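# Structural features, examined
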Amino acid sequence: NDILKQVSTWNVDGLLLFGLRGEDGAAVRRQYKKPVVCIDIYNMVCDPPVYTVGLEDEAGAYKAVKYLTDLGHLKIAFMSDDIIGVDRERFIGYKKALADAGIEYEDKNYLKLNPWEEEVENSLSCICEAVRDFTAVFCTSDLYAVQLTAKLSDCGTRIPEDISVVGYDDHALSRYHRPGITTVHQDMGKKGIVAAETLIRLLKGMEVEKSMNQLPTRLVIRDSVKDLRGA
């Protein structure tokens, strides 16, 4: 409602929607009739249709988890704050990599983090107890990976000697943290450029070839994963 009031008051020519839940993005799109480009919004069902820019989120998660299974990891947890939007796509990639490695997914594999500031410490403490059943954790963001490794270190758990951790985003946090976090790289600047260029083309009445533009990802290997082959 706030978004709709603001764009109506400002009389904007077009709109970039970023990171909303699918149903919220669809609600905005139904009422706002000017050009809209969505960034990282999935499962939007609405008319008129939308143009979206995102990542190959599923493929990126698959690469990361396959890297773990190739190194001999059989007990791999998935950590996120929910399983919607981009996290849902990454969850699908995670489960597919497990299945392709002949590993059965169990409900206990999902470690839910409460990201709210007043709850995050307690949530991380519970997760640190739960990860004792695993050899690796795939986190849906580098922030969560760094938070987890810091909490584990406080508890005397060594990364990667005792447990391996993988993140997602290739944020500066993952590069400067020690040990460096193995992660999935995304080009966030490119995502913004493609979204803006798409909106400009729509405003000019030009054709846009793809209604969904998914940018590629790549695995960045650092020091947070232990090779278990032969262990």
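Scroll up a little and you will see the structure.
Bear in mind that the values here come from a model prediction, so they are computed numbers and not experimental data. All residue numbers refer to position in the chain's written sequence, counted from 1. With the structure being a predicted model, the display of local features is reserved for residues of pLDDT at least 70 and the display and counting of side-chain atom pairs for 80 or more, all residues being used for whole-chain, interface and lining totals. Hydrogens and waters are ignored; side-chain quantities use all the structure's heavy atoms.

This part is about the packing of aromatic side chains. Only the six-membered ring of Trp is used, alongside the rings of Phe and Tyr, when aromatic pairs are assigned; centres must lie within 6.5 Å, and planes under 30 degrees apart are stacked while those over 60 apart are edge-to-face, with the rest tilted. Evaluation of the coordinates by the stated rule reveals nine aromatic pairs. Ring geometry for Phe 78 and Phe 91: centres 4.9 Å apart, planes at 65 degrees, overall edge-to-face. Of this pair, Phe 78 sits in strand S4 (residues 76-80) while Phe 91 sits in helix H4 (residues 85-100), placing them 13 residues apart in sequence. Like Phe 78, the residue Phe 91 is buried in the burial classification. Each ring, one from Phe 78 and one from Tyr 94, has its centre 5.1 Å from the other, and the planes form 45 degrees; the classification is tilted. Taken as a pair, Phe 78 in strand S4 and Tyr 94 in helix H4 lie far apart in primary sequence, 16 residues in all. The pair formed by Phe 78 and Tyr 94 is uniform in burial state, with each residue classed as buried. A helix here means a DSSP run of H or I that spans at least four residues, while a strand means a run of E at least two residues long, and both kinds are numbered starting from the N terminus. Using a 1.4 Å probe on the protein chains alone, a residue whose accessible area is under 20% of its type maximum counts as buried, one over 50% counts as exposed, and one in between counts as partly exposed.

Take the nonpolar core next. Buried Ala, Val, Leu, Ile, Met, Phe, Trp, Tyr and Cys residues that are joined via side-chain atoms within 4.5 Å together make up what is termed a nonpolar core. Among the nonpolar cores identified, the biggest contains 29 residues, and Val 65, Ile 76, Tyr 94 and Phe 138 are the most heavily contacted of them. With five residues, helix H3 (residues 57-70) is the largest single contributor of residues to this core.

One open sheet accounts for four strands, arranged S1-S2-S3-S9; its pairing is parallel. Each edge of the open sheet carries a strand with a single partner, namely strand S1 (15-18) and strand S9 (212-215). Each strand axis lies, on average, 20 degrees off the axis of its neighbour in the sheet, ignoring direction. Pairing between two strands is assigned when DSSP locates at least 2 bridges connecting them. Pairing between S1 and strand S2 (residues 36-39): four bridges, direction parallel. Within S2, the position partnered with Leu 17 by the bridge is Cys 38. Interaxial angles span 0 to 180 degrees and are taken between N-to-C directions of axes, which are lines fitted to C-alpha atoms, for helices over the stretch in contact.

It is worth spelling out helix H2 (residues 22-31) at this point. For H2, every residue scored as buried is listed here: Gly 22, Gly 25, Ala 26, Val 28 and Arg 29. Projected onto a plane normal to the axis of H2, the buried residues spread over an arc of 160 degrees and lie on a single side. With respect to the buried face of H2, the exposed residues turned more than 90 degrees away are Glu 23 and Gln 31. Every residue pair with non-hydrogen atoms within 4.5 Å of one another is taken to be in contact. In the core, the buried residues of H2 are packed alongside helix H1 (2-10), S1 and S2. In this description, the arc belongs to the directions extending from the helix axis to the C-beta atoms.

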